[in-house]
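Here is how the chains run, residue by residue.
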Amino acid sequence: MPREIVTIQVGQCGNQIGRSFWSAALHEHAENAKYDSERRPIFSEAMSTFFRNVNMRTKGEMYAGSEICDLKARACLIDMEDGVLAETMRGPLKDLFSTAQLLSDVSGAGNNWAHGFYEYGGKYQDLFLELVRSQAEPCDSLQSFFLMHSLGGGTGSGLGTRLLELLADNYGGTYRFATSVLPSSSGEGDDVITSPYNSVLALNQLTEHADAVLPIDNARLSVLSSKGASGSGSNAVKSAKGRDGFDAMNNVVARLLTDLTASMRFDGDLNTDLNEITTNLVPFPRLHYLCPGLAPMGGGSHGSRGGMNSSVMVRGLFRDCFSPECSLISGSGAGANVKNASILACGVFVRGAGIPISDVNANVARLQSELRMPTWNPDGFKIGLCNVNGIEKRSSMLTLTNGDMINGVFESLKERFHKLYRRKANVHHYTQFCDVGIFDEAIGSLDGLIQEYKEVGTKGKGGG
């Protein structure tokens with residue numbers, strides 16, 4: 001049975017990530033297309049996860065096994081400025097979307113979470129729910145909503161989290177995943193002065209209404225996207241500016257999402273559904289921040305089988321993916337170091353033709369002796385193994401780690417928040433739309449979240 005996902009792309013960043021994601025998804029399914037006896041491409045169950053097949057004459061749905069007629073993305077495209085959406089509808093992906101899938105305004109949210117959450121959230125609530133209904137009703141077995149957004153501005157953070165709340169209220173039985181790009185932990189390259197407010201206010205809503213959040217540090221995204229050509233550190237961050245640089249950053253996030261869903265779309269020795277990810281990696285409902293790592297990054301060669309021994313290649317993927325250099329959240333001087341953290345649970349998702357499950361299991365067993373896992377969950381790994389390579393045509397690996405390494409990101413945001421809030425700087429822009437108490441509620445929620453993750457690292461949640 002097909003298991004569909006509807007993406008909710010909000011704000012400039014969310015929609016630019018969406019373009020990279022849809023391009024990657026199309027490429028993957030084109031590379032793995034199935035054909036009928038006359039070599040006509042067939043709409044497969046794998047494709048139905050992200051796409052609808054529409055009869056161009058009747059506009060009716062055509063299901064798995066039928067000839068491909070008119071592919072439409074299962075997506076809602078939302079922005080309070082119309083520039084990015086207009087660019088999408090002029091670009092090479094325009095035929096994937098109809099204007100009925102778009103929701104836009106003209107003035108934007110002014111880098112103000114409260115403007116997006118309260119003003120636009122109230123104004124467009126009914127239109128949004130109708131838009132979601134139009135995408136959800138054709139699904140046979142809707143499994144998840146994917147929210148793509150950033151936290152630094154006003155639309156992605158404010159309207160994005162308001163929409164997440166509406167999904168929780170109206171589609172409570174459907175999993176809600178959020179891919180959330182956070183401003184740089186250090187503040188480097190962050191040109192939105194109010195981004196600490198927006199991020200902390202948005203995190204409060206993500207903690208309450210998401211089932212799983214994949215946090216991505218913008219600075220790490222810059223480094224990883226330019227790693228192959230531009231080295232690392234601040235020079236890499238600077239080089240990731242401009243259109244090509246931002247496209248490369250968005251491609252990293254697109255790869256994360258295609259790798260995450262690969263084993264529910266394609267054949268593999270260990271297929272994994274999104275509901276299994278939340279069940280296995282989120283043992284406590286508020287502690288649902290799954291920190292991503294990707295390997296290989298840049299021009300590393302071990303991701304290509306070639307003549308390399310399989311066990312050597314898989315060990316290299318594990319070594320790199322659990323290293324700070326391949327983490328998508330920041331740590332001390334580089335990415336977060338998973339091996340110095342206290343881990344609640346960890347997901348390992350491997351892609352590659354002919355990779356033996358025994359090689360994957362051997363490396364997981366080795367990791368169990370290296371990572372600090374709670375005594376009540378010493379075997380807290382979820383493994384996915386997909387036999388189909390990604391668009392880079394080499395073996396690859398995604399990790400999602402739930403542990404207290406995320407506290408480094410939270411603490412940095414908290415410090416930047418207080419630098420502004422102790423002087424009540426710019427608060428008056430927010431109190432046009434909400435009571436000032438929402439700030440205290442949000443920072444209190446973040447303090448509680450940090451403390452809950454700290455308890456994992458000391459005595460273990462639930463008496464470990």
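Before any of the text, the structure's been laid out above.
Residues numbered from 1 in each chain as written. Predicted model: local features only at pLDDT ≥ 70, side-chain atom pairs only at ≥ 80, totals over all residues. Heavy atoms only, no water.

Let's shift gears to the packing of aromatic side chains. Working definition: an aromatic ring pair is given by the centre-to-centre distance plus the angle between the planes. On inspection of all chains with the given rule, the structure shows 22 aromatic pairs. Where Y197 meets Y421, the ring centres are 6.4 Å apart and the plane angle is 90 degrees; that geometry is what we call edge-to-face. With Y197 in helix α7 (residues 195-209) and Y421 in helix α15 (residues 407-421), this pair connects stretches of sequence that are 224 residues apart. The class of Y197 is buried, set by a relative accessible area of 0%. The class for Y421 is buried, based on a relative accessible area of 8%. A ring pair is formed by F318 and F322, whose centres lie 6.3 Å apart and whose planes are at 15 degrees; its orientation type is stacked. (Phe/Tyr/Trp six-rings, centres within 6.5 Å; stacked < 30°, edge-to-face > 60°. Helix = DSSP H or I, 4+ residues; strand = E, 2+ residues; numbered from the N terminus. Buried < 20%, exposed > 50% of the residue type's maximum accessible area, 1.4 Å probe, protein only.)

Further remarks concern unusual backbone geometry. In the segment running from A295 into P296, the intervening peptide bond is cis, with an omega of -5 degrees. Among the structural elements, P296 can be located in the loop between β12 (291-295) and α13 (310-321). Positive phi values are uncommon outside glycine, yet N111 reaches one of about 55 degrees. Mapped onto the elements of the fold, N111 is located in the loop between β8 (102-104) and α4 (113-123).

For the structure on display, the rule yields 27 salt bridges. The partner of R40 in a salt bridge is E67, with the nearest N and O atoms 3.9 Å apart. Remark: E67 occurs in the loop between β5 (61-62) and β6 (70-73) and R40 occurs in the loop between β2 (34-35) and β3 (41-42); sequence separation between them is 27 residues. With a relative accessible area of 36%, E67 lands in the partly exposed category. (Salt bridge = Lys/Arg side-chain N within 4 Å of Asp/Glu carboxyl O.)

As a further point, take the sheet that holds β6. The pairing of strands in a sheet happens through backbone hydrogen bonds and is either parallel or antiparallel. In spatial order, the strands read β5-β4-β6; together these three strands make up an open sheet with antiparallel pairing. Edge positions in the sheet fall to β5 and β6, since each of these pairs with one other strand and no more. As paired elements, strand β4 (residues 51-54) and β6 share four bridges and run antiparallel to each other. Paired with N53 across the bridge in β6 is L71. Across the sheet, helix α1 (residues 11-31) is in contact with β4 and β6; its angle to β4 comes to roughly 65 degrees. (Pairing = 2+ DSSP bridges. Contact = heavy atoms within 4.5 Å. Axes fitted to C-alpha atoms, helices over the stretch in contact; angles between N-to-C directions.)

Right, let's talk about the packing of α7 against α15 for a bit. At a closest axis distance of 8 Å, the pairing of α7 and α15 adopts a crossing angle of 125 degrees. When the interaxial angle is binned, α7 and α15 end up oblique. At the point where α7 passes α15, the crossing takes the left-handed sense. In this structure, α7 contributes S195, P196, Y197, S199, V200 and L203 to the contact, and α15 contributes F410, L413, R416, F417, L420 and Y421. Here the residues of the contact of α7 with α15 are counted per class, giving nine nonpolar, two polar and one charged. (Parallel < 35°, antiparallel > 145°, perpendicular 65-115°, else oblique. Left-handed = near helix turned anticlockwise from the far one by under 90°. Nonpolar A, V, L, I, M, F, W, Y, C, P; charged D, E, K, R; others polar.)

With that settled, consider the sheet that holds strand β7 (residues 75-79). If you walk across this open sheet you meet the six strands as β8-β7-β1-β9-β10-β11, and the pairing is parallel. Looking at the sheet topology across the chains shown, the edges are occupied by β8 and β11 (212-217). The sheet shows a mean angle of 15 degrees between the axes of neighbouring strands, direction not considered. As paired elements, strand β1 (residues 4-10) and strand β9 (residues 142-150) share six bridges and run parallel to each other. Note on β9: the bridge partner recorded for V6 is F145.

To continue, consider the pairing of β9. Taking burial as the measure, the nine residues of β9 include nine buried ones, the bulk of the element. Across seven bridges, β9 lies against strand β10 (residues 175-182) in parallel orientation. Within β10, the position partnered with S150 by the bridge is V181.

Let us now look at helix α5 (residues 125-136). Look at α5: 16 Å from first C-alpha to last across twelve residues, which is about the 16 Å you get at 1.5 Å a residue. Taken as a whole, α5 has its buried residues at F128, L129, L131, V132, Q135 and A136. Taken down its axis, α5 places every buried residue within 160 degrees of arc, on the same side. (Expected span 1.5 Å × (residues − 1). Arc of directions from axis to C-beta.)

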